[in-house]
Amino acid sequence: MKKNNGSAEGPDGLVYAARLPLSSATLNYLAGLLRGHCRKIGSRWRSLPPGKIAGIVLAVLRCDQRPGDLAGGNGVHRTTVTRWVREVVALLAARAPRLDRALKKIARKGGGVVLLDGSLIRTRRRTGAENRKNYSGKTKCHGRLVIALTDDKGHLLWVSAARPGRTSEITACRHDRLTAHLRAAGLGAIADLGFVGLDDSNPDADPAVITGYKAARNRPLTRSQKLSNKALAAVRAPVEHGFAHLKNWRVLSKVRTNPKRATTLVRALLVLTNREVAR
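How each quantity is defined
- Residues numbered from 1 in each chain as written.
- Predicted model: local features only at pLDDT ≥ 70, side-chain atom pairs only at ≥ 80, totals over all residues.
- Heavy atoms only, no water.
- Helix = DSSP H or I, 4+ residues; strand = E, 2+ residues; numbered from the N terminus.
- Buried < 20%, exposed > 50% of the residue type's maximum accessible area, 1.4 Å probe, protein only.
- Contact = heavy atoms within 4.5 Å.
- Areas by Shrake-Rupley, 256 points an atom, 1.4 Å probe, with all protein chains shown as cover.
- Lys, Arg positive; Asp, Glu negative; His and termini not counted.
- Charge placed at Lys NZ, Arg CZ, Asp CG, Glu CD.
- Phe/Tyr/Trp six-rings, centres within 6.5 Å; stacked < 30°, edge-to-face > 60°.
- Lys NZ or Arg CZ within 6 Å of the ring centre and 35° of its normal.
- Polar contact = N/O pair within 3.5 Å; in protein donor to acceptor, adjacent residues only side chain to side chain.
- 1 Å grid on protein atoms, 1.4 Å probe; cavity = no way out; pocket = protein on both sides within 12 Å on 5 of 7 lines; lining within 4 Å.
- Points joined across faces, edges and corners; volume = space filled by probe spheres on them.
- Nonpolar A, V, L, I, M, F, W, Y, C, P; charged D, E, K, R; others polar.
- Salt bridge = Lys/Arg side-chain N within 4 Å of Asp/Glu carboxyl O.
- Core = buried A, V, L, I, M, F, W, Y, C linked by side-chain atoms within 4.5 Å.

Caption draft 1: Region of the structure containing the overall build of the chain. When helices and strands are counted, the chain shows ten helices and seven strands. By principal-axis analysis of the C-alpha atoms, the chain measures approximately 85 × 50 × 35 Å. Buried positions account for 41% of the 279 residues belonging to the chain. For the chain, restricting intrachain contacts to residue pairs at least 6 apart in sequence, the fraction spanning at least 24 positions comes to 66%. Entry remark: accessible area of the chain is about 16,500 Å², with carbon and sulfur atoms responsible for 50%. Within the chain, the 19 negative side-chain charges are centred at a point lying 6 Å from the centre of the 52 positive side-chain charges.

As C-alpha cells, then:
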C-alpha cells in the first residue's frame, strides 16, 4: 500500500477571509493618511493599493495577525508587511495629542477634573542586562508602564511614553511633570492609592491629584475614610473603560517587537481608539 505523505496545504498554502470588528470610516481614514504620505515622499507605486495596505495594518493591530501570514495571503513579502505597519504606526503616533494641549482642551470645555491611572503593557521576555529593567515586580512579568489620562466619561485624552516595567507610577508622572501641567490648566486629577504622595506641594494649596486614604498596620481606616475611598473608586471607574478600549487592540496583549517601539505603538493606537469610540 502506497503512503501519501504530501502536504495537506498544497504548494501555495490555504487562504481564508476574516472580518475585522472595525468601522469603514477608520479604514478610509487610514487609507487617506497613507495616500497623503505617499504623495509627500514621492512614492508613486506600491505592491498594493492604500486601502488594501490599511486593511492589512488594521488586521495586525486589531487581531495580532502575524505579518508572515498576511504576506502569504496577499502576495507580498513578510518584511514588506512589517515595513507598512511601522510606517502607518509612525504616521498615527505623530497625531497623538500632547499633554498640555489635551488638558487645555478639557479646560476650555468647562471640565474640572480628569482621571489618572497606569497600566503595564506586556512585552516578550528578553535576555540581557539591558532588558532586566523591563521586569515588573508588581505584576511578575516583563512589560512597559504607560500612564493615561481620561475625561470623566472614560474617553482617552493622553498617554505617556512607555517606560520600563520596574518604573513606579509616581516616578513616571514626575518625569512628565504631570502635576505642573495640571495646575497650569487649572484642573485636578483623581487617581487610585498607587499615586499617594505624587502631589507633594504646599498642604494649604488645592491638591492637583486627589487620592484616597491608605491604611497602615497600626492605623486602620475610619468609617468616613472608607466611605470616601468608596466614592472616589466609583468616580474613577471610567478610567478602566478607557484602558479596556485601548487594549481591545490585541497587538498589546504582548508586544513582540523591540520594547523601545512601544511608545509609538501605544500612541498610534490611542488615535485609532478615539476614532472608533467617537463614531
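Caption draft 2: A look at unusual backbone geometry. Of note in the backbone geometry, Asp64 takes a positive phi value of approximately 55° without being a glycine. In this structure, Asp64 sits in the loop between α2 (50–63) and α3 (67–74). In this structure Asp64 comes out as buried when scored by relative accessible area, which is 15%. Phi is positive for Lys140, close to 60°, though the residue is something other than glycine. Examined against the element boundaries, Lys140 turns out to sit in the loop between β2 (135–136) and β3 (141–150).

Caption draft 3: Spatial organisation of the packing of aromatic side chains. One pass over the full model with this rule turns up zero aromatic pairs. Directly above the ring of Trp249 sits Arg62, whose terminal nitrogen or CZ lies 4.9 Å from the centroid. Over the face of the ring belonging to Tyr29 we find Arg275, whose NZ or CZ atom lies 3.8 Å from the ring centre.

Caption draft 4: Highlighting the side chain of Thr273. Note on placement: Thr273 falls in helix α10 (residues 262–278). Thr273 gets classed as buried once you look at its relative accessible area, which sits at 3%. Among the polar contacts listed, one links the side chain of Thr273 to the side chain of Trp249, at a separation of 2.9 Å. Polar contacts involving the side chain of Thr273 include one to the main-chain carbonyl oxygen of Leu269, which spans 2.6 Å. The residues touching Thr273, leaving out its near neighbours within four places in the chain, are Leu156, His245, Leu246 and Trp249.

Caption draft 5: The layout of surface pockets, seen in detail. Of the volumes computed, that of the largest pocket is approximately 570 Å³. The wall of the largest pocket is formed by 20 residues, among which Tyr16, Ala17, Ala18, Leu70 and Asn74 lie closest to the centre. At the level of secondary structure, the elements contributing two or more residues to the lining of the largest pocket comprise α2 and α3. For the lining of the largest pocket, the residue count by class is ten nonpolar, six polar and four charged. Taken together, 20 residues make up the lining of the second largest pocket; nearest its centre are Val60, Thr82, Val85, Val251 and Thr257. Broken down by element, the residue count for the lining of the second largest pocket peaks at six residues, all from helix α4 (residues 78–93). By residue class, the composition of the lining of the second largest pocket is nine nonpolar, four polar and seven charged.

Caption draft 6: Focus on empty space enclosed by the protein. Across all of its chains, the model carries one cavity of 30 Å³ or more by this definition. Gly154, His155, Leu156, Gly242, His245, Thr273, Asn274 and Val277 together form the lining of the largest cavity. Among the elements of the structure, α9 (238–246) and α10 are those that each provide at least two residues to the lining of the largest cavity. Top contributing element to the lining of the largest cavity by residue count: α10, with three residues. Of the residues in the lining of the largest cavity, the class split is two nonpolar, six polar and no charged.

Caption draft 7: Up close: the pattern of salt bridges. A full pass over the atoms with the stated rule returns nine salt bridges. Salt-bridge contacts for Arg46 lead to Glu87; the nearest nitrogen and oxygen are separated by 3.0 Å. Of this pair, Arg46 sits in the loop between α1 (24–41) and α2 while Glu87 sits in helix α4; the two residues are 41 residues apart in sequence, bridging distant segments of the chain. Here Arg46 and Glu87 have matching classes, each one buried. Across the salt bridge formed by Arg256 and Asp64, the nearest N and O atoms sit 2.6 Å from each other. Remark: Asp64 occurs in the loop between α2 and α3 and Arg256 occurs in the loop between α9 and α10; sequence separation between them is 192 residues. For Arg256, a relative accessible area of 31% puts it in the partly exposed group.

Caption draft 8: Seen up close, the nonpolar core. Ranked by size, the top nonpolar core spans 47 residues in total, and within it Leu61, Leu252 and Leu269 carry the most contacts. Going through the elements one at a time, α1, α2, α3, α4, β3, β4 (156–159), α9 and α10 are the ones with two or more residues in this core. Not counting the four nearest positions on each side in its chain, Leu252 is found in contact with Ile121, Arg122, Leu246, Leu265, Val266 and Leu269. Of all hydrophobic cores here, the second largest spans 24 residues; its members include Val114, Leu182, Phe195 and Ala208.

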